[in-house]
Amino acid sequence: MNNTWLVAGFGVMLSTQAFAVTIDDMRGEQTPYAQAFKALDSDGNGKLSKKEAVKDKDFAHSAFAKADKNHNGSLDQDEFAAYKSKVDNAENKQTAADSAITAKIKSKYLVEKNFSSLKVSVETKDNGVILSGFVDSEEQKARAEKIAMGVSGVKSVKNALVVKP
């Protein structure tokens, strides 16, 4: 019983410490967004002009206007961080969706009879799938593409599989 309390107490200490570190990392000048803002703020005035902001790839085209919530022609650190966070979240969601598509395709290949899935590579980017590697026949090549196209969320499939008997 004493061991149970010891383990539970240690777990609480670890999670409390990890939480405190996370909070501290989010404060002040230590955040990655604050560092990026400071690096872009070439005149050091605490605001980013459009000319300064477009040096960051996320602020190309109409992004600056979308980020400038108060429409004053400049971005303060909060506007910059809010927009960057939104972009990062969208990228993370897309990456997760792409990973899920890849996993679904690979799992379907594993249960496919007479199909050597170990020789087939599946890559997914923005819901587009690229198949590469080797298969034993044209039928397997066509089947691999058909399976990939049948997975929910797939927009396109580039079949670069090579038939190697």
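Report on the accompanying structure. No experiment lies behind these values; they were computed from the predicted model shown.

### Things to note about the packing of aromatic side chains
Scanning the entire structure with this criterion turns up four aromatic pairs. Centroid distance Phe-37 to Phe-80: 5.6 Å. Interplanar angle 65 degrees. Geometry classified as edge-to-face. In this pair, Phe-37 sits in helix α2 (residues 32–40) while Phe-80 sits in helix α5 (residues 77–111), placing the two residues 43 residues apart along the sequence. No difference in accessibility class separates Phe-37 from Phe-80, as the two residues are buried. A centroid spacing of 5.1 Å and a plane angle of 45 degrees characterise the contact between Phe-59 and Tyr-83, whose relative ring orientation is tilted. A residue pair is termed long-range when its members are at least 10 positions apart, and Phe-59 in the loop between α3 (50–53) and α4 (63–67) and Tyr-83 in helix α5 qualify at 24 residues. Pair check on accessibility: Phe-59 and Tyr-83 agree, each one buried.

### Some words on the pattern of salt bridges
Applying the stated criterion across every chain yields a total of five salt bridges. Put simply, Lys-57 and Asp-58 hold a salt bridge, and the shortest N to O gap is 3.0 Å. Owing to a relative accessible area of 11%, Asp-58 belongs among the buried residues under this scheme. Here Glu-91 ties to Lys-57 by a salt bridge, and the two come within 3.8 Å at their closest N and O atoms.

### Section: the sheet that holds strand β3 (residues 156–163)
Strand order in the open sheet made by the three strands is β1-β2-β3, with mixed pairing throughout. Lying at the two open borders of the sheet, with one neighbouring strand each, are β1 (120–125) and β3. Averaged over all pairs of adjacent strands, the angle between strand axes in this sheet comes to 10 degrees, irrespective of strand direction. Inspection of the sheet shows strand β2 (residues 128–135) paired to β3 by eight bridges, in the parallel sense. Along β3, the bridge assignment pairs Phe-134 with Val-162. Each of β1 and β2 touches α5; the most contacted strand, β1, lies at about 155 degrees to it. The sheet strands contacting helix α6 (residues 138–149) are β2 and β3, and the helix crosses β3 at an angle near 160 degrees.

Rules used throughout
Residues numbered from 1 in each chain as written. Predicted model: local features only at pLDDT ≥ 70, side-chain atom pairs only at ≥ 80, totals over all residues. Heavy atoms only, no water. Phe/Tyr/Trp six-rings, centres within 6.5 Å; stacked < 30°, edge-to-face > 60°. Helix = DSSP H or I, 4+ residues; strand = E, 2+ residues; numbered from the N terminus. Buried < 20%, exposed > 50% of the residue type's maximum accessible area, 1.4 Å probe, protein only. Salt bridge = Lys/Arg side-chain N within 4 Å of Asp/Glu carboxyl O. Pairing = 2+ DSSP bridges. Axes fitted to C-alpha atoms, helices over the stretch in contact; angles between N-to-C directions. Contact = heavy atoms within 4.5 Å.

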